[in-house]
Amino acid sequence: MASSTDGLKLWKKDYDRVIALAKGAFSSTTVPGIQAESLYTLARVHHIRDEMEKANTCYERAIKLAPDLTPARFGLAQTLIWDETYDEAAGHLRLVVGKSPSATDAHATLGLLEAKSGKDRKAAFSYIKKAIDLEPANADLVLLEALALQQQESDYQQALERYHKALELMDSQGNSPSWIILTNMGVLCHETKKYDEAAVCYEKAMKALESDDNSARSHKEYAEQVMIRQKENHLFWDYVDSGVKCSQDMSDDSNQTWNLESDCSEIKAGDHVRVGNVFESEVIDIDGTTLKLKDGYAPLSTDEESNDKSPMILFYKRTNKSLSTFSAISIAFNVARLHEATGKTVAAIELHKAIVKRHPSYVNSYLRLACIARDCGSLANCSEWLKSACAVAPGNPEVLTLVGNLHLSLCDWKPAQSVFNQLLEQKIPNVEAYSMLCLGNIYFNNLKTPGKYAKHLQYAADFYRRILNKDNANAYAANGIGTVLAEKADLTRAKEIFNHVREVSGDSIPDALLNLGHIYLALSKHPEALQMYQSYMERTRSSDAPTSSKSKDEDEAEILLYIAFAYFDWARQTEACNNAKAAPADGRYKHCIEYLEKALKTTRRENLILRYNWCMAKLAAANCVLQKLTRGIRRTAKEVQDALNGLQESLPKVQTMLQWKQEGKKVPVSTSLMNNFIVQCKANIESAKSHLSEEIRKETEARELRELQRMEILAKQKEKELAELEARRKEAEEQEEIERKARMKMEKVTSLLDTWEQEAVKAKEESE
């Protein structure tokens, strides 16, 4: 209680007294406006105390008595948002902004609700813009706009720009951003692949979260719980002063041994240490006062400590107190996800393990560890992490979904079906749709079960239709219906559905491209099929996750096999012409072999099916080359030689596979097929040898004929040159004779002129 300047007594935050006075005011009058104000006051008290249900009731009664009491209506909208009744809350907020056009909070909140609903994003941002126009210096409104933009992936860049604008406003007002804002910025940078900026944001978020509470536990207590040592996780460890000095053992030429001035019980083998301020290494062994490090100390000449031979302080790395709060765990999880995105898998695993050690109930890290193990091909470790997650959160839908996906990847259909049936019983909308989709896929993948083809195909179609009945825009379910129609050989309708899925999803569902490729291949439209397969492969390569439960390498090898088969089938159909029009078949077989070789390089282990297909492609390509002669298609000895080499390379491989089969090893190719291949291959090898001899003979004869023709042409050319030379010689002689005669005539003329001049001079002299 305090006193005013007038001596009146004031009660601050005495909510019980406020309730008593408000109830007294309500009961002492029958005027609706005063009763509404009393109820509004009561509602505010309950609101402050987080008694949302009571606050909601009081706000409702207040606006019934006074519909124009906009503060009460705004309070009611807030409680409805708390109750996740967003549509009703938005309706009340529209009434508030209609009555009070300058209510910035109402405009901003309504805009955020509209943005989250996704129904009318243009109207949503118009509300938020109106709020910002009313208070342009209000950083909170700009932050709210950023949060609204953050709801859609396409607006992430704009959201990040608005966050930067909000930070500028806060900085100009002398305020610091909260760790939540900085974490959101880090996530947006991560999603937009600005990884360095994301790391900076997370580091700033950790600094903003640091507490001044000195009662937190020591480094030793934390080190006993979690072990964080990786350099990339520097936010979560510190170097601790051991209180012991050390000096280098000069008798050790490897420069790895150090002498301690006293025993140090805190340090053990495997610890990361720092000597002085610059040299960091790992402890290999510690025996009393002798310390052996992993790396040798080679100081730089510019290092002041290297010139000083006095002992240096020894520091050891220990986990700091950053993970002491759940908020810090949230940031640490985002940092670990950033490590995953940047390929720092070891650092990511270390941090996820530290999180689950510090907070065993943090399910997301269990799931990420399971996903990392799966992506690394360690399904056993993946299973162990999922078991731990199930123990922590038995009914968690994310955990069960990942467990179901693991069973799918192992083709354990029955356990997978059990898990997704369990998820289906939870009646969670998004999870329910995904569960039905997976169940449909399970039945579709088990069509080959004896006697169950029609039943399983019908069950798969039923699950896909159930999804579409609830959400007709579900492109994944539509894609499933397309696969069912394709299985029923209704290729036209299946193609229409897959094209529609492509249109509505913007090619975000790669399976539609793959399925279209299969449809075009079945329709013998090979160029279109190849285009779909190539688009699918490009799409999945740019994706961060495997397209199926298998590894990315196995996925890519499977698509390369589809492409190879498309070229193979195209070549076989081209060969069916059996005339000169079959000429392109040879090139298509070469493309087929090229993609099969890429698939073989991509797979992590030897794939006998791929290897046998490669041998078959070599056999077909060789046969195509040998048939060129009867089809009137030109060929070269090199082509025949390559065909022979391919046959000779394929034969021992199939013979080895047949031997393995006879020894009882698992070879997924029948004995009869391999025997037929060997017979055909041997026959083609003999044929190819004779064809090669014939082609070499032909090419030799053709080469000799060309040489004779060349010599004949050269001889004729030489004769022509000699004739031209003789003609030029005769022409030169004739020209020379003409010039000689001309000179003689000129000489006679000159002589006559000279005689005439002399006679004229003589006659002149005589006359004188």
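Residues numbered from 1 in each chain as written. Predicted model: local features only at pLDDT ≥ 70, side-chain atom pairs only at ≥ 80, totals over all residues. Heavy atoms only, no water.

Colleague: Explanation requested: the overall build of the protein in the structure shown.
Modeller: Along the backbone of the protein there are 30 helices and eight strands. For 768 residues, the compact-globule formula gives about 27 Å, and the C-alpha radius of gyration of the protein, at 44 Å, lies well above that figure. Counting only C-alpha atoms, the protein reaches 165 × 115 × 80 Å along its principal axes. (Helix = DSSP H or I, 4+ residues; strand = E, 2+ residues; numbered from the N terminus. Rg over C-alpha atoms; globule rule 2.2 N^0.38 Å.)

Colleague: Sorry, what's going on with the nonpolar core here?
Modeller: Most often, soluble globular proteins have nonpolar side chains that are buried together. Residues L386, F420, I563, Y589 and M674 are the most contacted members of the largest nonpolar core, which totals 102 residues. Broken down by element, the residue count for this core peaks at 13 residues, all from helix α28 (residues 608-631). When neighbours within four sequence positions are excluded, Y589 is seen to be in contact with F568, A571, R572, E575, A620, A621 and C624. In terms of nonpolar packing, the next biggest core, distinct from the first, is built from 53 residues, A139, V142, L149 and F333 among them. (Core = buried A, V, L, I, M, F, W, Y, C linked by side-chain atoms within 4.5 Å. Buried < 20%, exposed > 50% of the residue type's maximum accessible area, 1.4 Å probe, protein only. Contact = heavy atoms within 4.5 Å.)

Colleague: What exactly am I supposed to notice about a nonpolar patch on the surface here?
Modeller: On the surface, a cluster of nonpolar side chains totalling about 400 Å² of accessible area is made up of V749, L752, L753 and W756. Tracing the backbone through its elements, the reader meets L753 in helix α30 (residues 671-767). (Patch = residues over 30% accessible without salt bridge, like charges linked within 9 Å, V, L, I, M, F, W, Y side chains within 5 Å. Areas by Shrake-Rupley, 256 points an atom, 1.4 Å probe, with all protein chains shown as cover. Salt bridge = Lys/Arg side-chain N within 4 Å of Asp/Glu carboxyl O.)

Colleague: Can you help me understand the packing of aromatic side chains in this one?
Modeller: For any pair of aromatic rings, the description consists of the separation of the ring centres together with the inter-plane angle of the planes. Counting across every chain of the model gives 16 aromatic pairs. Look at Y567 and W570: their rings are 6.4 Å apart centre to centre, the planes differ by 25°, and that puts the pair in the stacked class. Of this pair, Y567 and W570 are both found in helix α26 (residues 552-575), three residues apart, which corresponds to roughly one turn of the helix. Among the aromatic residues, those joined into a cluster by ring pairs are W258, F279 and Y297. Stacked on the ring of F315, the Lys or Arg R274 has its end atom at 4.4 Å from the ring centre. The ring centre of W237 lies 3.9 Å from the NZ or CZ of K317, which sits over that ring. (Phe/Tyr/Trp six-rings, centres within 6.5 Å; stacked < 30°, edge-to-face > 60°. Lys NZ or Arg CZ within 6 Å of the ring centre and 35° of its normal.)

Colleague: Looking at this structure, how should I read the sheet that holds strand β6 (residues 279-287)?
Modeller: Two orientations exist for strands paired in a sheet by backbone hydrogen bonds: parallel and antiparallel. With respect to topology, six strands assemble into a closed barrel ordered β3-β4-β7-β6-β5-β8, the strand pairing being antiparallel. Along the sheet, successive strands turn relative to each other by an average axial angle of 50°, direction set aside. Where strand β3 (residues 237-248) meets strand β4 (residues 257-260), three bridges bridge the pair, whose relative direction is antiparallel. Of the residues in β4, the one forming a bridge with Q248 is W258. (Pairing = 2+ DSSP bridges. Axes fitted to C-alpha atoms, helices over the stretch in contact; angles between N-to-C directions.)

Colleague: Sorry, what's going on with the confidence of the model for the protein here?
Modeller: When pLDDT is low, close inspection of the predicted coordinates is not appropriate. Per-chain confidence: the protein averages 85 in pLDDT, with 93% of residues scoring 70 or above. Within the model, pLDDT remains below 50 along residues 1-5, and this stretch shows nine contacts once partners closer than five positions in the same chain are excluded. Overall, residues 545-549 carries pLDDT values under 50, and its contacts beyond four positions in sequence, including any with other chains, amount to 13 contacts. (pLDDT = per-residue confidence, 0-100.)

Colleague: Looking at this structure, I do not really get the pairing of β4. What am I missing?
Modeller: When a strand is regular, its side chains alternate between the sheet's two faces. Bridge count between β4 and strand β7 (residues 290-293): three bridges; the pairing is antiparallel. By the bridge assignment, N259 is partnered in β7 with T290.

Colleague: Looking at this model, I keep getting lost on the pattern of salt bridges. Mind explaining?
Modeller: When the charged atoms of two side chains lie near each other, side chains of opposite charge can form a pair. A full pass over the atoms with the stated rule returns 28 salt bridges. A salt bridge links K470 to E432; its shortest N-O distance comes to 3.0 Å. You can see K470 sitting in helix α21 (residues 453-470) and its partner E432 sitting in helix α20 (residues 429-445), a full 38 residues away along the chain. By relative accessible area, K470 is classed as exposed at 60%. E707 serves as the salt-bridge partner of R710, at 2.5 Å between the closest nitrogen and oxygen. Of this pair, R710 and E707 both sit in helix α30, three residues apart, roughly one helical turn. With relative accessibility at 40%, the residue R710 sits in the partly exposed group.

Colleague: Explain the state of the cysteines to me, please; I cannot follow it from the model alone.
Modeller: Cysteine pairs can be covalently joined through their sulfur atoms, and such a bond is termed a disulfide. The tally for this structure, following the rule as stated, stands at zero disulfides. Here C201 is not disulfide-linked; the sulfur of C189 is the nearest cysteine sulfur, at 4.4 Å. In this structure C624 is a free cysteine whose sulfur lies 11 Å from that of C577, the closest cysteine sulfur available. (Disulfide = S-S within 2.5 Å.)

Colleague: In this structure, what is going on with the packing of helix α9 (residues 156-172) against helix α10 (residues 179-191)? I would like to understand it.
Modeller: Geometrically, a packed helix pair is captured by the angle between its two axes and the distance between the axes. Where α9 contacts α10, the two axes come as close as 10 Å, and the packing angle between them is 150°. As the angle between them shows, α9 and α10 are arranged roughly antiparallel. Here the hand of the crossing between α9 and α10 comes out left-handed. Residues Y156, A159, L160, Y163, H164, L167 and M170 of α9 form the contact with α10, whose participating residues are I181, L182, N184, M185, L188, C189 and E191. Classifying every residue of the contact of α9 with α10 gives 11 nonpolar, two polar and one charged. (Parallel < 35°, antiparallel > 145°, perpendicular 65-115°, else oblique. Left-handed = near helix turned anticlockwise from the far one by under 90°. Nonpolar A, V, L, I, M, F, W, Y, C, P; charged D, E, K, R; others polar.)

Colleague: Even after reading the chapter, I still don't get a negative patch on the surface, so can you show me in this structure?
Modeller: A cluster of acidic residues, E53, E60, D83, E84 and E88, forms a negative patch at the surface. Relative to the assigned elements, D83 resides in the loop between α4 (70-82) and α5 (86-99). Note on D83: relative accessible area 47%, which makes it partly exposed. (Lys, Arg positive; Asp, Glu negative; His and termini not counted. Charge placed at Lys NZ, Arg CZ, Asp CG, Glu CD.)

Colleague: Would you take a moment to explain the side chain of E340 for this structure?
Modeller: Residue position: E340 is located in helix α14 (residues 326-341). For E340, the contacting residues outside a window of four places in its chain are A348, H352, R368 and I372.

Colleague: What is the right way to read unusual backbone geometry from this model?
Modeller: Glycine aside, negative phi is the norm for most residues, and most peptide bonds take the trans geometry. Residue D50 is not a glycine yet carries a positive backbone phi of 65°. As for its position among the elements, D50 is in the loop between α2 (32-48) and α3 (52-65). A positive phi angle, close to 60°, is found at S524, a residue other than glycine. Its place among the elements puts S524 in the loop between α24 (510-522) and α25 (526-541).

Colleague: Is there a simple way to think about helix α6 (residues 104-117) in this case?
Modeller: Given 3.6 residues per turn, any residue in an α-helix points the same way as the ones three and four places further on. Between its first and last C-alpha, α6 extends 20 Å over 14 residues, near the 20 Å set by a 1.5 Å rise per residue. Counting buried positions along α6 yields 10 of 14 residues, so the element is predominantly enclosed. Considered for burial, the residues of α6 that qualify are T104, A106, H107, A108, L110, G111, L112, L113, E114 and A115. Residues of α6 that are buried make contact with α4, α5, α7 (121-134) and α8 (139-149). (Expected span 1.5 Å × (residues − 1).)

Colleague: Teacher, can you tell me more about the side chain of T70 here?
Modeller: Of note, T70 is situated in helix α4. Apart from residues lying up to four places away in sequence, T70 is in contact with V96, K99 and S100.

Colleague: Looking at this model, I keep getting lost on the pairing of strand β5 (residues 272-275). Mind explaining?
Modeller: In terms of strand pairing, β5 meets β6 through four bridges, oriented antiparallel. Residue pairing across strands places H272 opposite E282, the latter belonging to β6. As consecutive antiparallel partners, β5 and β6 are separated by three residues, and within that stretch G276 has a phi angle of approximately 70°, a positive value. Pairing of β5 with strand β8 (residues 312-319), which is carried by three bridges, proceeds in the antiparallel orientation. Bridged to R274 within β8 is F315.

Colleague: What exactly am I supposed to notice about the environment of E168 here?
Modeller: Among the secondary structure elements, E168 is positioned in helix α9. It is 43 Å that separates the C-alpha atoms of E168 and V501, two residues lying 333 residues apart in sequence.

Colleague: I'm lost on the environment of N184 in this one. Help?
Modeller: Considering the arrangement of structural elements, one finds N184 in helix α10. Spatially, the C-alpha atoms of N184 and Q158 are 13 Å apart, while their sequence positions differ by 26 residues. In contact with N184, not counting residues within four places along its chain, are Q150 and Y163. Reaching out from N184, the side chain makes a polar contact with the side chain of Y163 at a distance of 3.2 Å. (Polar contact = N/O pair within 3.5 Å; in protein donor to acceptor, adjacent residues only side chain to side chain.)

Colleague: Hey, could you run me through the packing of α14 against helix α15 (residues 345-358) in this one?
Modeller: Between α14 and α15, the least distance of the axes is 8 Å, while the angle of their chain directions is 160°. Considering the angle they form, α14 stands roughly antiparallel to α15. Here α14 runs over α15; the crossing is left-handed. Between α14 and α15, the residues in contact are I329, A332, F333, V335, A336, H339 and E340 and T345, A347, A348, L351, H352, I355 and R358, respectively. Of the residues in the contact of α14 with α15, the class split is nine nonpolar, three polar and two charged.

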